[in-house]
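Chain by chain, the residues:
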Amino acid sequence: MNEVISFQGVNFSYGKNKVLEDITFSIEKGDFAAIIGPNGGGKTTILKLILGLIHKEHGTLKVFGQDPAKNNLKIGYVPQFSVHDSSFPIEVEQVVMSGLLNSFSFGPFYNKEIKEKVKDALAKLGLSDRAKDRFGSLSGGLKQRTLIARAIVSQPQLLLLDEPVSSVDSSVEKDVFEMLNEFNKTMTIVIVSHDIGFISGFVNKLACVNRTLVMNDAKNVTFNDIDALYKGNKVGINHKCGI
Ligand SMILES: Nc1ncnc2c1ncn2[C@@H]1O[C@H](COP(=O)(O)OP(=O)(O)OP(=O)(O)O)[C@@H](O)[C@H]1O
Ligand SMILES: [Mg+2]
């Protein structure tokens, strides 16, 4: 089955605040999709629906052909995160290992397989030398990498990232995207971002979200005018979704 995510006519409200309306799109196996849109537009809400953390009101929503609540073991998630408010008293290695807690509920915690997986994820993110560092003492870029390592350590088929590079400088951002491009060989990726500059070179689908959603094929995206979506805040790319 190639369809990984399918939304058909999905609505969602927080109380009386109608956040998403008639959302319809699909993500197929191997896609590298970006979700863009203004603050409060509903980007994080879409990821939470995919994760089964919140539930749709209307329409049909399937992840790997099932109710999203049943799929969390196949999904890696990098939550939206501010580097300024993180001071976890925990080592990098432990943060990454916490990404395996759900998958190994019946085995001894410190077994060889877990150690190997953590080692492998740290190596993939260039963090092998940082395994014993305190997470809170790392730079913003290394914190982000640690959280990405945590999300991929269980080798998920689907990786969701919510603005993983929002607080790092552009050289780090480029590195992260190059890594994600590598992960995309084995994982379907959906990334939320404000910065479309880097994204456009990597993704094959671009969803514009501002209560409603318009899905673009990334090939058709042009660098002209995104003012309508961002209400005048230039972000460096333009296209034609018009929401
Ligand atoms: N837990 C919540 N309870 C009530 N309202 C919420 C909650 N989470 C989000 N909202 C509201 O839902 C709307 C969409 O929020 P969401 O976090 O999905 O936006 P976003 O596109 O991710 O924004 P940002 O770019 O700032 O991260 C906003 O109006 C927000 O205030
Ligand atoms: Mg958000």
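For clarity, every value in this text was computed on a predicted model and none was experimentally measured.

A. Up close: the pairing of strand 7 (residues 188–192). Of all 5 residues in strand 7, 5 are buried, a share of seventy percent or more. Bridge count for strand 3 (residues 32–36) against strand 7 is 4 bridges, and the pairing is parallel. The residue of strand 7 that forms the bridge with isoleucine 35 is valine 192. Two elements, strand 6 (residues 158–162) and strand 7, share 5 bridges in a ladder whose sense is parallel. Bridging across to strand 7, leucine 161 finds its partner in isoleucine 191.

B. Structural context of the site of ligand 1. As a structural note, the neighbourhood of ligand 1 is formed by Tyr14, Asn17, Val19, Gly37, Asn39, Gly40, Gly41, Gly42, Lys43, Thr44, Thr45 and Gln80. Elements represented by at least two residues in the shell around ligand 1 include exactly strand 2 (17–28) and helix 1 (43–51). Sort the elements by how many residues they give to the shell around ligand 1 and helix 1 lands first, with 3 residues.

Cut-off values and rules
Residues numbered from 1 in each chain as written. Chains lettered and ligands numbered in written order. Predicted model: local features only at pLDDT ≥ 70, side-chain atom pairs only at ≥ 80, totals over all residues. Buried ≥ 20, exposed ≤ 12 C-beta atoms within 10 Å, placed from the backbone. Helix = DSSP H or I, 4+ residues; strand = E, 2+ residues; numbered from the N terminus. Pairing = 2+ DSSP bridges. Near = placed C-beta within 6 Å.

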